[in-house]
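Here is how the chains run, residue by residue.
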Amino acid sequence: MQLTVGIGLLGHGTVGGAVSQSLKENAETIERRTGVRCQLRGIATRGAGDARALIDDPRVDVVIETIGGTTDAADLVEHALDRGRHVITANKDLIATQGPRLIALAASRGVGLRYEAAACSAVPVVRTIHDALAGDSVYAVAGVLNGTTTSILSAMEEGVEYADALSDAQERGYAETDPASDVAGLDAAHKLALLVQLAFETAVISPRIRKSGITAVTRPEAQQAMSLGYRIRLVAAATRTPSGAFAEVSPALVPLAHAFAQATGVENVVRIDARGAGTLWLRGQGAGGAASASPILGDLVTLVREMARAGDRGRSIVPRFDPAMQVAPLFDALPRLESLPQYPVWNDAVLDIHNSGEFIHA
Ligand code: HSE
């Protein structure tokens, strides 16, 4: 008998709109690849009440949350999991701050909670850590994880003033609704926390990560960095030691030839270090409707395959969270230039602190 999976879509903005479009375009492909027909039962666009009614519709098996933020979205995701719905979310703020609790809730209800799109949109970092490296031990994750700051900093290198560069990033639709989240380093910290939770199996949430943004970076500094052979980029990095973790988000001087300096526009560049696999590099679109719809549909395909195999039980991504893991800042270990001492100089070797087996407090 043909299995049909009903989908309830929460939100219809940039990401939600791209998901409904993509579901339409790929319905047959998904059915061929999974043997399951996915039917969009409804789209909730009129607030939390409307969304709750859709979640409660007994024909809805999978809820796709694209509302964003941590107020209504948190209540709705919790409600959906409580009602036994599988959830796919693109909401990094939510996973970065409440992920461990929601993942535990999903596990206790026997439903799936998947969030590939929440980290770096189209760049498959969650799958890489959770699936490809499941038999390995990941000890470092680092990258340029925020497109808005990359585009502002590159514009300043070309001589554009900070305020104009920010308006341009907003017009292009890269920035968060409140762009303070981008420029203060919060958005990158959320993404780093989400990756650290998965990679280090810890309940570290983004407020515990030291972060500084790019609001104080000036056009002359961006240009001076270039003349010295660097680009200022917002770097997010974390590494694990036997006794805890180091994690930080900060503007840093990245050597021009380094992969982190090659990101353009909304691209994210991520390196993942694992003991067996060594260093993996991932680069691609870190924002945008179509770039987020792709991993959401990928998560849907994974979920419905599991549902088809196991009756009605899609599996969650369930790290074994260590609630006690300590987190210390990382960038104090980096050198500074005499001529531009405001920013640490990025060096991949800092990720090898894990080898010392000790926290190094500067
Ligand atoms: N504001 C984010 C960025 C969007 O600039 O990267 C994607 O998360």
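The notes below deal with the structure included here.

Bringing the overall build of the chain into the picture now. On a plain count of helices and strands, the chain comes out with 12 helices and 12 strands. In summary, the chain has a C-alpha radius of gyration of 21 Å against a globular reference of 21 Å for 362 residues, a match within 12%. Expressed along its principal axes, the backbone C-alpha trace of the chain runs to roughly 70 × 45 × 35 Å. Evaluated residue by residue, the chain yields a buried proportion of 55% over its 362 residues. Contacts in the chain between residues at least 24 apart in sequence constitute 74% of all its contacts with a sequence separation of at least 6. Surface summary for the chain: the accessible area is close to 14400 Å², and the carbon and sulfur share equals 49%.

A separate point is the site of the ligand. Every residue close to the ligand is listed here: Lys92, Asn146, Gly147, Thr148, Tyr174, Ala175, Glu176, Asp182, Asp187, Lys191, Gly286 and Ala287. For the ligand, a nitrogen atom lies 2.7 Å from a polar atom in the side chain of Glu176. Here a nitrogen atom of the ligand and a side-chain polar atom of Asp182 are 2.6 Å apart. Within the complex, 93% of the 260 Å² of free accessible area of the ligand lies under protein. By residue class, the composition of the shell around the ligand is three nonpolar, four polar and five charged.

A cluster of like positive charges, contributed by Arg32, Arg33, Arg305 and Arg309, occupies part of the molecular surface. Mapped onto the elements, Arg33 comes out in helix H1 (residues 14-34).

The next subject is the packing of aromatic side chains. Per the counting criterion, the structure on display carries three aromatic pairs. Ring centres of Phe260 and Trp281 lie 5.9 Å apart, and the angle between their planes is 65 degrees; this geometry places the pair in the edge-to-face category. One end of the pair, Phe260, is in the loop between strand E9 (244-255) and strand E10 (267-274); the other, Trp281, is in strand E11 (residues 278-285), with 21 residues separating them in the sequence. Pairing Phe260 with Trp346 gives two aromatic rings, centres 5.7 Å apart and planes at 45 degrees, and the pair type is tilted. With a gap of 86 residues between them, Phe260 in the loop between E9 and E10 and Trp346 in the segment after strand E12 (327-328) connect regions that are remote in the sequence. On the basis of relative accessible area, Phe260 is assigned to the buried category, the value being 0%.

When the terminal C-alpha atoms of helix H12 (residues 289-309) are compared, their 30 Å separation across 21 residues agrees well with the 30 Å that a helix rising 1.5 Å per residue should span. Across the 21 residues that make up H12, a large majority, 15, are buried.

Reading the values: the criteria
- Position numbers for residues count from 1 along each chain, tracking the sequence in the order it is written.
- The model is predicted, so local features are restricted to residues of pLDDT at least 70 and side-chain atom pairs to those at 80 or more, both for listing and for counting; the totals for chains, interfaces and linings are taken over all residues.
- Here the side-chain values reflect all heavy atoms present in the structure, with hydrogen atoms and water set aside.
- Under the scheme used here, helices are H or I runs from DSSP no shorter than 4 residues and strands are E runs no shorter than 2 residues, and both carry numbers assigned from the N terminus.
- As defined in this context, the radius of gyration uses C-alpha atoms, and a globule is described by 2.2 Å times the residue total to the power 0.38.
- In this scheme, a residue with accessible area under 20% of its type's maximum is buried, one over 50% is exposed, and one in between is partly exposed, where area comes from a 1.4 Å probe on protein chains only.
- The contact rule is simple, with two residues in contact once any of their heavy atoms fall within 4.5 Å.
- Per-residue and other accessible areas follow the Shrake-Rupley method at a 1.4 Å probe size, with only the shown protein chains counted as cover for residues.
- Any residue with a heavy atom lying within 4 Å of a molecule or strand is counted as near it.
- Two N or O atoms form a polar contact when they lie within 3.5 Å of each other; inside protein one atom must be a possible hydrogen donor and the other a possible acceptor, and for residues adjacent in sequence the pair counts only when both atoms belong to side chains.
- Here the term charged refers only to Asp, Glu, Lys and Arg, the term nonpolar to Ala, Val, Leu, Ile, Met, Phe, Trp, Tyr, Cys and Pro, and the term polar to all other amino acids, Gly among them.
- Like charges within 9 Å and nonpolar side chains (Val, Leu, Ile, Met, Phe, Trp, Tyr) within 5 Å are joined into patches, using only residues over 30% in relative accessible area that form no salt bridge.
- One speaks of a salt bridge when a side-chain nitrogen belonging to Lys or Arg is within 4 Å of a carboxyl oxygen belonging to Asp or Glu.
- Charge assignment: positive for Lys and Arg, negative for Asp and Glu; neither His nor the chain ends contribute.
- Note on charges: their place is set at NZ of Lys, CZ of Arg, CG of Asp or CD of Glu.
- Ring geometry is summarised as follows: Phe, Tyr and Trp rings, the Trp one being its six-membered ring, pair when their centres sit within 6.5 Å, and such pairs are stacked at plane angles under 30 degrees, edge-to-face over 60 and tilted between the two.
- Each residue after the first adds 1.5 Å to the expected span of a helix.

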